[in-house]
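Secondary and tertiary structure notes
The residues making up each chain are set out below.
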Amino acid sequence: MQRLFPLPSGVSGTIDEIVITGPDDEREFGCFNLKVMNGTDLIVSCGGPAYLKAGTTIYRAQGSGFGPNPDVTLGIELNPN
């Protein structure tokens, strides 16, 4: 199950990187320098679908340049259920 926290309407920015590393420490999925706004599907925009191996997975993401309100919070929650 995933819960999405969409960006507020009118807010845009850049996902500097998304990197998903699998249980064998190999990069399984990711992308860099992706312009986003409310409604952007990160999986599709990064060239997905994403096929991930079972086991310990590390998700790392970083963004910048969000505005016009610089206090926007971008978040994601992943749940194995």
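Residues numbered from 1 in each chain as written. Predicted model: local features only at pLDDT ≥ 70, side-chain atom pairs only at ≥ 80, totals over all residues. Heavy atoms only, no water.

Helix and strand counts for the protein chain stand at one helix and five strands. Counting from the amino terminus, helix and strand elements in the protein chain follow one another as β-β-β-α-β-β. When the accessible surface of the protein chain is summed, it comes to about 5700 Å², and 53% of that surface belongs to carbon and sulfur atoms. (Helix = DSSP H or I, 4+ residues; strand = E, 2+ residues; numbered from the N terminus. Areas by Shrake-Rupley, 256 points an atom, 1.4 Å probe, with all protein chains shown as cover.)

This part takes up unusual backbone geometry. With omega at 25°, the peptide bond leading from Gly 48 into Pro 49 counts as cis. For Pro 49, the location among the structural elements is in the loop between α1 (42–45) and β4 (58–67). Of note, the amide linkage connecting Gly 67 to Pro 68 takes the cis form, showing an omega dihedral of 15°. The residue Pro 68 is located in the loop between β4 and β5 (75–78) in this model.

Sheet topology places strand β2 (residues 12–21) next to strand β3 (residues 27–37); nine bridges connect them, and they run antiparallel. Its bridge partner being in β3, Val 19 is matched across the sheet by Gly 30. (Pairing = 2+ DSSP bridges.)

Listed in full, the eleven residues of the largest apolar core are Leu 7, Val 11, Ile 15, Ile 18, Ile 20, Phe 29, Cys 31, Leu 34, Val 36, Cys 46 and Phe 66. Listed by contribution, the elements that provide at least two residues to this core are β2 and β3. No other element matches β3, which puts four residues into this core. With residues near it in sequence (within four places) discarded, Cys 46 still touches Ile 18, Phe 29, Gly 30, Cys 31 and Leu 34. (Core = buried A, V, L, I, M, F, W, Y, C linked by side-chain atoms within 4.5 Å. Buried < 20%, exposed > 50% of the residue type's maximum accessible area, 1.4 Å probe, protein only. Contact = heavy atoms within 4.5 Å.)

Our focus in this paragraph is the state of the cysteines. Note on terminology: a disulfide is the covalent bond linking the sulfur atoms of two cysteines. Summed over the entire model, instances satisfying the criterion amount to one disulfide. In this model, Cys 31 is linked to Cys 46 through a disulfide, with the two sulfur atoms separated by 1.9 Å. Residue Cys 31 is found in strand β3, and its partner Cys 46 is found in the loop between α1 and β4; the two are separated by 15 residues along the sequence. Side by side, Cys 31 and Cys 46 carry an identical accessibility label, which is buried. (Disulfide = S-S within 2.5 Å.)

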